[in-house]
Structures are given as structure tokens and as C-alpha cells.
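Coordinate analysis (summary)
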Amino acid sequence: MSFLFLSKLIPLFFYPLGIVTILLIIAWIMAWRESSKVQLPIAIALGVILIFSNGWVSNRLIQSLEWQHLPSETLPTADAIVLLGGATKSAIQPRPMVDINEQGDRVLYAAKLYQEGKAPLIIAAGGRIEWLGSKQQQPEAADMAQLLEMIGIPSEAIIQEPKSLNTYENAVNVQKILDQRNLKTILLVTSAMHMPRSLSIFQHLQINTIPAPTDFLVSQGELSSENISFGAILLNFIPDAGRLAKTTQALKEYIGMVIYRLKGWR
């Protein structure tokens, strides 16, 4: 529990919004003490916002992760499709059913691969962290299984792994299922930005893993439209909350890679 909590808390101080918050607190203290250098932390905070919400910076940072494992035109068959969590919101009031978020493409893509005959099983992996207020919510694995059945995937083709709370636990618990069922090769379905960290963990555990990324935030369309007009160039310079959020997602992945490397998990 302590590592899980720290892994959620400490990186916040390395994200743009966390850095800006710290700098503004420092500026407030300096202003209260009537320091003549109060402009410095304010200037740095402004620079952080302008850089990390910049369209070119955001797209390139995301692309550096997402385009590491571009999908091939034809994926090979495997023994199972492993679908990682992070794509759903449980059906608690006032939601009438399980919702999907931005990463919901994972569920749809896993279903598509199954329907194409790429594997006879889908292993839906993901639990929920109770101290984040999820005691009343069912595990992500159950959410994904429910959505898969709604799409038309038979329940007997879905295996739920509802206990893992991070990507490393996903891999460890999935490995146990693979060993129990004598399954050798998997298609790993997760968001393209999350794929580099996920794939390295599964491969570190010597699981024969074929990457099947989806949910690409940066495509050729986004890149080609960056300089299409003066207006587009100008808008890329203007701070944007959406781009800042995407940049933060990319930084989260890079920080996660460092932490997992230090833990010996990848």
C-alpha cells in the first residue's frame, strides 16, 4: 500500500501543474517577505505552462511513446488477448451503465481482434484501488467483461483478472493465468502511449508478447495540421488545458518507466 500511494503522490511534483503550483507557493512566500526576486519563480511557472501546453511539444512527446510499436498490417494469431484496464468507469449513480473513457478504444480493439479470430480468449486485467474511493465499484476487469459481452463476445471466452492495481501486477497475475492454462503467446492490448512500459514488463517476465496498441492520440493528421496555416501555428502557441493534460500523461509514462526500472520490474 505504501509503494502504491507514493507512486501516485510523488510524481505529481514532476508534472507541469505540480511544478507550477510549487513555484507559485514559493512566489507567494517571497512576496509576503517582500523579496525583490519574486518575479523569478513566476517567470519559471509561466515558462512551464507555455512549454508543456505547446502543441508541438505535446505532440512530439506523445509521439515518442506511441510510435515505438506501430501496429503491423496483419497481426499474427495468439493463444490469448490480454486487455489491460484503465478504460472504464463503473456503473454507479447517476451512470445507467458502465462508461468508457478516452482509453475505451482498448475494449473495442480487443473485441475486434477476437472477432477476427486472432485468439480464442480475452483476459481482462484490472482491479480498483479501494482508498481512492472505489469500494462501491466493481473491478475494472468486470467492467470490461460486461462491455465485451454487450459487444457480442461470449462470456466463456472472457477471463477476468480483478486483483491487479498497477501494470506490474497486471503482468504478474496474467502470467499465473497463462501458466495455469498452458497459454504461450499473447496479444497485448493497451493504449499506444502505455505500450512501451507495459510491453517491457511482460517481456521482463518472459511472456511471449505481441504488441497490439490502440488509442493513438497523435496521428499523421495531427502532425500535418500543425503548420497548415498561420492560425494553426498561432493556436499551437496558446496554452491549452487539453494539451497540458496529454503532456502530463506522457510524462507519467516516462516517470513510470524510471520507477519500474529502479524496482527491477522492467
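Along each chain, numbering runs from 1 in the same order as the chain's sequence is written. The predicted nature of this model means local features are confined to residues of pLDDT at least 70 and side-chain atom pairs, given and counted, to a pLDDT of 80 or more, with totals for whole chains, interfaces and linings taken over all residues. In computing side-chain properties, one takes all heavy atoms of the structure into account and sets aside hydrogens as well as water.

Looking now at the pattern of salt bridges. Criterion for a salt bridge: a side-chain nitrogen of Lys or Arg within 4 Å of a carboxyl oxygen of Asp or Glu. All told, the structure shown has four salt bridges when counted by the stated rule. The salt bridge partner of lysine 112 is glutamate 116, with a shortest N-O separation of 2.4 Å. Across the pair aspartate 143 and arginine 128 runs a salt bridge whose closest N-O atoms are separated by 2.5 Å. Of this pair, aspartate 143 sits in helix α6 (residues 140-151) while arginine 128 sits in the loop between β4 (122-125) and α6, and the two are 15 residues apart along the sequence. On the basis of relative accessibility, which here comes to 19%, the residue arginine 128 falls in the buried class. A run of DSSP states H or I qualifies as a helix once it reaches four residues; a run of E qualifies as a strand once it reaches two. Both are numbered from the N-terminal end. Summary of the burial criterion: residues with accessible area below 20% of their type's maximum are buried, those above 50% are exposed, and those between are partly exposed, where the area comes from a 1.4 Å probe applied to protein chains only.

Relative to the elements of secondary structure, asparagine 173 occurs in helix α7 (residues 167-181). Here a polar contact is taken to be a pair of N or O atoms separated by no more than 3.5 Å, where protein atoms must pair a possible hydrogen donor with a possible acceptor and residues adjacent in sequence count only if both atoms sit in side chains. Engagement of the side chain of asparagine 173 in a polar contact is seen with the side chain of glutamate 161, the distance being 3.1 Å. We call two residues in contact when some of their heavy atoms are within 4.5 Å. If sequence neighbours within four positions are ignored, asparagine 173 has contacts with Glu161, Lys163 and Ser164.

Take a nonpolar patch on the surface next. Taken together, the side chains of Leu12, Phe13, Phe14, Ile22 and Ile26 define a hydrophobic patch exposed on the protein surface, amounting to about 460 Å² of accessible area. Mapped onto the fold, leucine 12 is located in the loop between α1 (2-9) and α2 (16-32). Without a salt bridge and with relative accessible area above 30%, a residue can belong to a patch; like charges are then joined within 9 Å and nonpolar side chains (Val, Leu, Ile, Met, Phe, Trp, Tyr) within 5 Å. What sets the accessible areas is the Shrake-Rupley method with a 1.4 Å probe; for residues, cover comes only from the shown protein chains.

A word on α2. Here a helix's expected span is defined as the number of its residues, less one, multiplied by 1.5 Å. For α2, spanning 17 residues, the distance from its first C-alpha to its last is 24 Å, which sits close to the expected 24 Å at 1.5 Å a residue. When we look at burial in α2, the residues that qualify are Pro16, Gly18, Val20, Leu23, Ala27 and Met30. Against α3 (39-52) and α11 (241-263) lie the buried residues of α2. Count one or two residues on from α2 and you reach glutamate 34, which has phi positive near 60°.

Once that is clear, we can look at the environment of alanine 171. Among the structural elements, alanine 171 can be located in helix α7. Measuring from C-alpha to C-alpha, the distance between alanine 171 and serine 198 comes to 8.1 Å, with 27 residues separating the pair along the chain. Excluding its chain neighbours within four sequence positions, the residues that come into contact with alanine 171 are Ile201, Phe202, Leu205 and Ile207.

When pLDDT is averaged across the protein chain, the result is 89; 93% of the residues are at 70 or more. At the level of individual helices and strands, the protein chain shows its lowest average pLDDT in α1, which scores 62, and its highest in strand β1 (residues 80-84), which scores 98. pLDDT is a per-residue confidence score from the predictor, ranging from 0 to 100.

What follows concerns the packing of aromatic side chains. Between the rings of Phe, Tyr and Trp (Trp by its six-membered ring), a pair exists once the centres lie within 6.5 Å; its type follows the angle of the planes, with under 30 degrees stacked, over 60 edge-to-face, and the other angles tilted. Tallied over the full model, the rule gives three aromatic pairs. Taken together, a centroid distance of 4.1 Å and an interplanar angle of 10° make the contact between tyrosine 168 and tryptophan 265 stacked. With tyrosine 168 in helix α7 and tryptophan 265 in the segment after α11, this residue pair connects regions lying 97 residues apart in the sequence. Here tryptophan 265 falls in the buried class, since its relative accessible area comes to 13%. Ring centres of tyrosine 260 and tryptophan 265 lie 5.1 Å apart, and the angle between their planes is 80°; this geometry places the pair in the edge-to-face category. Here tyrosine 260 falls in the buried class, since its relative accessible area comes to 7%.

Before going further, it helps to spend a moment on the packing of helix α5 (residues 105-115) against α6. Throughout, an axis means a line fitted to C-alpha atoms (over the contacting stretch in the case of helices), and angles, computed between N-to-C directions, take values from 0 to 180 degrees. α6 packs onto α5 with a crossing angle of 50° between their chain directions and a minimal axis gap of 10 Å. Classified by the angle their axes make, α5 and α6 are oblique. Every pair of crossing elements has a handedness; the one defined by α5 and α6 is right-handed. Residues Val107, Leu108, Ala111 and Gln115 of α5 touch α6, and the partners they reach there are Met144, Leu147, Leu148 and Ile151. To sort the angles, those under 35 degrees are grouped as roughly parallel, those over 145 as roughly antiparallel, those from 65 to 115 as roughly perpendicular, and the leftovers as oblique. Note on convention: near helix rotated counterclockwise from far helix by under a right angle means a left-handed crossing. Clockwise means right-handed.

For any two helices packed against each other, the geometry is given by the interaxial angle and the distance between the axes. At a minimum axis separation of 9 Å, helix α4 (residues 55-66) and α11 run at an interaxial angle of 35°. Pair α4 / α11 crosses with left-handed handedness. Here Gly55, Ser58, Leu61, Ile62, Ser64 and Leu65 of α4 come into contact with α11, specifically with Arg243, Lys246, Thr247, Ala250, Leu251, Glu253, Tyr254 and Met257. Here the nonpolar group is Ala, Val, Leu, Ile, Met, Phe, Trp, Tyr, Cys and Pro; Asp, Glu, Lys and Arg are the charged ones; every other residue, Gly included, is treated as polar. Residues that form the contact of α4 with α11 fall into these classes: seven nonpolar, four polar and three charged.

It is worth spelling out the nonpolar core at this point. Core analysis: the biggest nonpolar cluster contains 26 residues, and Ile81, Leu83, Leu113, Leu148 and Val189 have the highest contact counts within it. Listed by contribution, the elements that provide at least two residues to this core are β1, α5, β4, α6, β6 (185-191) and β7 (208-214). The residues touching isoleucine 81, leaving out its near neighbours within four places in the chain, are Ala110, Leu113, Tyr114, Ala119, Leu121, Ile122, Ile123, Leu187 and Val189. What is meant by a nonpolar core is a set of buried Ala, Val, Leu, Ile, Met, Phe, Trp, Tyr and Cys residues, joined one to another through side-chain atoms within 4.5 Å. Counting residues in hydrophobic clusters, the runner-up holds 22 residues, among them Val82, Met195, Phe202 and Leu205.

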